[in-house]
Amino acid sequence: MCQRVFHYGVWCDEACLKKGSFQLNEWSKPEVLLLVVMFIFLATMMVLVFVKNQNAYSKPVIYTDDFETAPKEGVSPVVLGAGFFVVIVVIYLLARSNFVNTTLVFTVVVCILLFIFMLKLTLFESRRRLVLNSGFRTPINNEHPID
């Protein structure tokens, strides 16, 4: 590496010009540290979203006798887990292929999107439940209103 830096520092030929400034596909320690921190954040957010989805998906099943007739709440946890697994595999394959900048950009985009999705789940879920549960109570047998 030092010989190439010395060679291209003294004289830059066509091969040097073709490389460009972002063609170095070797992982440095700060890049590995950044990827590890983003991966830990990503894995934590994925676990939180998965658990929240699993709880929301299993609640309607508790109140019904038959699983097939139970109302479905969003995406099933199996599909969500498979999607998260695919994202982890893509990040791993990009990292193993030494696509340094592509891996970092893809991981940052996925972290941001997952963080926004988690905010949506936590902030707007309580408002939606308040709107659905407040206000109108209908009588069960249409004779006496429930107070």
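Here we summarise the structure given alongside this text. Not measured: the values here are computed from a predicted model.

1. Points about the overall build of the protein chain
A count of helices and strands for the protein chain gives five helices and zero strands. Of the regular secondary structure in the protein chain, the N- to C-terminal order runs α-α-α-α-α. Taken across its 147 residues, the protein chain has 19% of its residues classed as buried. Put simply, 59% of the contacts in the protein chain that link residues at least 6 apart link residues at least 24 apart. Per element, the accessible surface of the protein chain, about 11,700 Å² overall, is 68% carbon and sulfur.

2. Looking at a nonpolar patch on the surface
On the surface, a cluster of nonpolar side chains totalling about 450 Å² of accessible area is made up of F41, F115, L119, L123 and F124. A total of four residues in the nonpolar patch trace back to one element, the largest contributor, which is helix α5 (residues 100-133). Take L119: its relative accessible area is 35%, and that puts it in the partly exposed class.

3. What about the packing of aromatic side chains?
Taken as a whole and assessed by the stated rule, the structure comprises one aromatic pair. Relative to F115, the ring of F41 has its centre 6.2 Å away and its plane inclined at 45°; by these criteria the two rings are tilted. One end of the pair, F41, is in helix α3 (residues 29-62); the other, F115, is in helix α5, with 74 residues separating them in the sequence. Taking the relative accessible area as the measure of exposure, F41 reaches 35% and is therefore partly exposed. The partly exposed category is assigned to F115, whose relative accessible area is 38%.

4. Topic: the side chain of T107
Relative to the elements of secondary structure, T107 occurs in helix α5. Accessibility expressed as a relative area gives 0% for T107, which makes it buried. In this structure the side chain of T107 is engaged in a polar contact, spanning 2.6 Å, whose partner is the backbone oxygen of T103. Excluding its chain neighbours within four sequence positions, the residues that come into contact with T107 are L35, M38 and I91.

5. Quick look at helix α4 (residues 77-96)
Over its 20 residues, α4 extends 28 Å from the first C-alpha to the last, a length consistent with the 28 Å expected when each residue adds 1.5 Å. Of all the positions in α4, only P77, L80, F84, I91, L94 and A95 are classed as buried. What you see down the axis of α4 is that its buried residues fit within an arc of 125°, all on one side. In α4, the exposed residues that point more than 90 degrees away from the buried face are V78, V79, F85, Y92 and R96. Two residues or fewer past α4, N98 is found with a positive phi of approximately 60°.

6. So, the nonpolar core
In this structure, L35, L42, M46, V49, F84, L104 and L114 are the most contacted members of the largest nonpolar core, which totals 17 residues. Looking at this core, the elements with two or more residues in it are α3, α4 and α5. In terms of residue count, the dominant contributor to this core is α5 (seven residues). If we skip the residues at most four places from it in the chain, F84 touches M46, V49, F50 and L114.

Scoring rules and cut-offs
Residues numbered from 1 in each chain as written. Predicted model: local features only at pLDDT ≥ 70, side-chain atom pairs only at ≥ 80, totals over all residues. Heavy atoms only, no water. Helix = DSSP H or I, 4+ residues; strand = E, 2+ residues; numbered from the N terminus. Buried < 20%, exposed > 50% of the residue type's maximum accessible area, 1.4 Å probe, protein only. Contact = heavy atoms within 4.5 Å. Areas by Shrake-Rupley, 256 points an atom, 1.4 Å probe, with all protein chains shown as cover. Patch = residues over 30% accessible without salt bridge, like charges linked within 9 Å, V, L, I, M, F, W, Y side chains within 5 Å. Salt bridge = Lys/Arg side-chain N within 4 Å of Asp/Glu carboxyl O. Phe/Tyr/Trp six-rings, centres within 6.5 Å; stacked < 30°, edge-to-face > 60°. Polar contact = N/O pair within 3.5 Å; in protein donor to acceptor, adjacent residues only side chain to side chain. Expected span 1.5 Å × (residues − 1). Arc of directions from axis to C-beta. Core = buried A, V, L, I, M, F, W, Y, C linked by side-chain atoms within 4.5 Å.

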